[in-house]
Amino acid sequence: MASPLSKKQKLDAPASDQSPLPHANGDRVPRQRARDEAGEEEQGLVALVEHRVKEVEAIKTKLAHYQSMLEEAEKKLGESKAKLNLLQSRNKNQNQSNSTSNIKSRPQQVTAAKPVKSNIPSSSTPVKSKATVAVTEKRKQEKQPKRKIEEKEHQDLIPSVKRSSKPIALEFGSTVIISSQHKRKLRCLELCPTNDNLFVTSALDGLINFWQLNAKIPSASLLSTTDCLSPNQRRWPEDIAWHPAGDTIIAVYSGDPGDSQISILDLNQSGQKRVSFLEAKPHSKGLINSVAFSPWENDICFLTGGSSDHSVVLWREEGDDNLSYRHKLVHCNLHSSAVMGVSALRHKKIVLSVGADKRIIGFDVLAGRSDFKHQIEYKCMSVLPNPCDFNLYLVQSGAPGQQLGLYDVRLRRTEIHSFGWKQDSSDSQSALINQSWSPDGWHVSSGTADPKIHIFDIRYQGRGPSQSVQAHQKRVFKAMWHQSLPVLSSISSDLNVGLHKIY
């Protein structure tokens, strides 16, 4: 039997062994918890600082962009005010001189001779569609004034091309995708030059759909649909162009015999009278790949480029209506292959044409000869003058990774910048993909074989896009900037129309 002393020692031993343990654990747990909380707080602050840094950089970029826009707007405002003051002073002086001359001079009656009408047809009578004669006579009776293309001021953008090491990115908001209501693949997208809320789409089903844009949402509603298939062979329009007055649309087809080459869609008419076909057929064979109106003031005409006949034809508007045109062959032997794109410079009577023969041609219409010729390494697909700098134009080619080239017409054969994109889905470059200039002339939008819209800042030194917008499910054909609304509209082979908000 154990002694009482040994029992007491056994009972006291566990107490002495266990007493430091709770004390030791109590010190370690709070210190570990404090370290964990401090680490979490540090990580949170690091993430917050990184977020704030990005936020500051984004605001700085926006501030620089809007600062440049403000300076440009103030410059334009000053120029407009100076012109207004000059015009008002001239009108004031002219009114004073007229009132003085009226007091001094005696009124005289002048009888105008009546014009003699001739029933003999002239060989220079402009080409008219039979279905539009009545409409033409009606418009002549209304004595409509001859339309003028809006005069724009030249801005010298070329010195800033390829000068910036950092692009100015645009902020895109919501994107709305709507059905194009076409049954076959889309081909063309055009914006109304007089109403920025209107645009049209055309497709291989031969239909032209008219849309009205609501830029606030954004959204678009289908206004009407017009069948524009050619009368005999039932071809769809290969390309379309909206008249600068906004009341007609020109569509081009094929130069092959047995069918019409040009149609005019009159938006002031309805039903079957809305579409008429010109009788003239200057293209000899093959598709008519391109049509574009010239930007020449007081001389409204459009250009067409053929494929198999290698020709460029100028159609000049005649009379006070836009339903009669007289055509003139610009050239037919300067290209050795299909003419893929046509356009014209604003400040000179020079027609630009590019072809699958890798040639860029500038033809002087007044002199009747080529002003310059340039051949590049890859086939050309389209040409697009800058809307602000009249000496600058864009050429799309098949160069991999550098599909877009900028040229100064004064330097003739010199490319001042080139840029492009790498395609993920295909290495081939489609001629159905087109570009569009932003209203300020600084950015270019382009469709791609991938479901993206690429945006390029021409001031950026880099060769790639300044940003890309995920837009559709399939190939994007074209994305166009609305001139006065913060919206970019696009079409795709997924049969949808995209509306992209810009902030």
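Note that this is a predicted model, so its numbers are computed, not measured.

**Student:** Would you take a moment to explain the overall build of the chain for this structure?
**Tutor:** Looking only at helices and strands, one finds three helices and 29 strands in the chain. Counting only residues that meet the buried cut, the chain has 44% of its 503 residues in that class. Partitioning the contacts of the chain with sequence separation of at least 6, the portion at a separation of at least 24 is 52%. A total of about 27,400 Å² of accessible surface is found on the chain, and carbon and sulfur atoms cover 52% of it.

**Student:** Which parts of the structure should I look at to understand the environment of Val 252?
**Tutor:** Within the secondary structure, Val 252 is located in strand β8 (residues 248-252). Separated by 25 residues in sequence, Val 252 and Phe 277 place their C-alpha atoms 10.0 Å apart. When residues no more than four places from it in sequence are discounted, the contact partners of Val 252 are Trp 236, Pro 237, Glu 238, Asp 239, Gln 261, Ile 262, Ile 288, Val 291 and Thr 304.

**Student:** Even after reading the chapter, I still don't get a negative patch on the surface, so can you show me in this structure?
**Tutor:** A cluster of acidic residues, Glu 71, Glu 72, Glu 74, Glu 79 and Asp 440, forms a negative patch on the protein surface. Within the secondary structure, Glu 72 is located in helix α2 (residues 20-104).

**Student:** So what exactly am I meant to see when it comes to the side chain of Asn 391 here?
**Tutor:** Position of Asn 391 relative to the elements: it lies in the loop between β19 (380-385) and β20 (392-397). Assessed through its relative accessible area of 7%, Asn 391 is described here as buried. Among the polar contacts made by the side chain of Asn 391, one reaches the side chain of His 347 at a distance of 2.9 Å. Here Asn 391 is in contact with His 154, Ile 158, His 347, Tyr 407, Asp 408, Val 409 and Arg 410, once residues within four sequence places are set aside.

**Student:** Teacher, can you tell me more about unusual backbone geometry here?
**Tutor:** The phi angle of most residues is negative, glycine excepted, and most peptide bonds adopt the trans form. Pro 218 follows Ile 217 through a cis peptide bond whose omega is -10°. Relative to the helices and strands, Pro 218 is located in the loop between β5 (207-214) and β6 (219-227). Even without being glycine, His 310 reaches a positive phi, approximately 60°. By secondary structure assignment, the location of His 310 is in the loop between β12 (301-306) and β13 (312-317).

**Student:** I keep staring at empty space enclosed by the protein and nothing clicks. Help me out?
**Tutor:** The gaps left among the atoms become clear once a water-sized probe is rolled over them. Here the structure, examined in full by the defined rule, presents one cavity of 30 Å³ or more. As a volume, the largest cavity reaches approximately 30 Å³. Lining the largest cavity are Phe 419, Phe 456, Asp 457, Ile 458, Tyr 460, Gly 462 and Gly 464.

**Student:** Would you mind showing me how to read the confidence of the model for the chain here?
**Tutor:** As a note on interpretation, predicted positions should not be read in detail where pLDDT is low. Mean pLDDT over the chain works out to 83, with 80% of the residues at or above the 70 mark. Here residues 4-24 is modelled with pLDDT under 50, and outside its nearest four sequence neighbours on either side it reaches one contact, counting other chains as well. In the predicted structure, residues 96-147 sits below a pLDDT of 50 and forms 50 contacts with residues beyond four places in sequence or in another chain.

**Student:** Quick question: what am I supposed to make of the sheet that holds strand β7 (residues 239-242) here?
**Tutor:** The strands making up a sheet associate through hydrogen bonds between their backbones, and the pairing can be parallel or antiparallel. Spatially, β7-β8-β9-β10 is the arrangement adopted by the four strands of the open sheet, whose pairing is antiparallel. Looking at which strands have only one partner, the edges of the open sheet turn out to be β7 and β10 (275-277). On average, each strand axis in the sheet is tilted by 25° relative to the strand beside it, whichever way the strands run.

**Student:** Help me understand the environment of Val 383, please; the structure alone is not making it clear to me.
**Tutor:** Positionally, Val 383 belongs in strand β19. Sequence separation of Val 383 and Val 354 is 29 residues, and the distance between their C-alpha atoms is 6.6 Å. Residue contacts for Val 383: discarding those within four places in its chain leaves Gly 341, Val 342, Ser 343, Leu 352, Val 354, Tyr 393, Leu 394 and Val 395.

Calculation criteria
Residue positions are given per chain, counting from 1 as you read along its sequence in written order. With pLDDT at 70 or above as the cut-off, local features in this predicted model cover only qualifying residues; side-chain atom pairs require 80 or more to be listed or tallied, and sums for whole chains, interfaces and linings still use all residues. Each side-chain value is worked out from all heavy atoms of the structure, with water and hydrogens disregarded. Strands here mean DSSP runs of E at least two residues long; helices mean DSSP runs of H or I at least four residues long; both are numbered from the N terminus. When accessible area is computed with a 1.4 Å probe and restricted to protein chains, residues below 20% of their type maximum are described as buried, those above 50% as exposed, and intermediate ones as partly exposed. Pairs of residues are marked as contacts when any of their non-hydrogen atoms sit within 4.5 Å. Computed by Shrake-Rupley with a 1.4 Å probe, the accessible areas treat only the displayed protein chains as cover when residues are assessed. Only residues whose relative accessible area exceeds 30% and that form no salt bridge are eligible for patches; like-charged ones are grouped when within 9 Å, while nonpolar side chains (Val, Leu, Ile, Met, Phe, Trp, Tyr) are grouped when within 5 Å. Salt-bridge detection follows one rule: a side-chain nitrogen of Lys or Arg within 4 Å of a carboxyl oxygen of Asp or Glu. The positive count covers Lys and Arg only, the negative count covers Asp and Glu only, and His and the chain ends enter neither. By convention, the point assigned to a charge is CZ for Arg, NZ for Lys, CD for Glu and CG for Asp. We define a polar contact as two N or O atoms separated by no more than 3.5 Å, with the added condition that, inside protein, one atom must be a possible hydrogen donor and the other a possible acceptor, whereas residues neighbouring each other in sequence contribute only through side-chain atom pairs. Each cavity reported here is a set of points on a 1 Å grid over the protein atoms alone in which a 1.4 Å probe fits but cannot get out, each pocket an open set with protein on both sides within 12 Å along at least five of seven lines, and each lining residue one with an atom within 4 Å of a point. Grid points are joined across faces, edges and corners, and a volume is the space filled by probe spheres set on the points. pLDDT measures the predictor's confidence residue by residue and takes values from 0 up to 100. The rule for pairing is simple: two strands pair if DSSP sees at least two bridges between them. Inter-axis angles, ranging from 0 to 180 degrees, are taken between N-to-C directions of lines fitted to C-alpha atoms, where helices are fitted over the stretch in contact.

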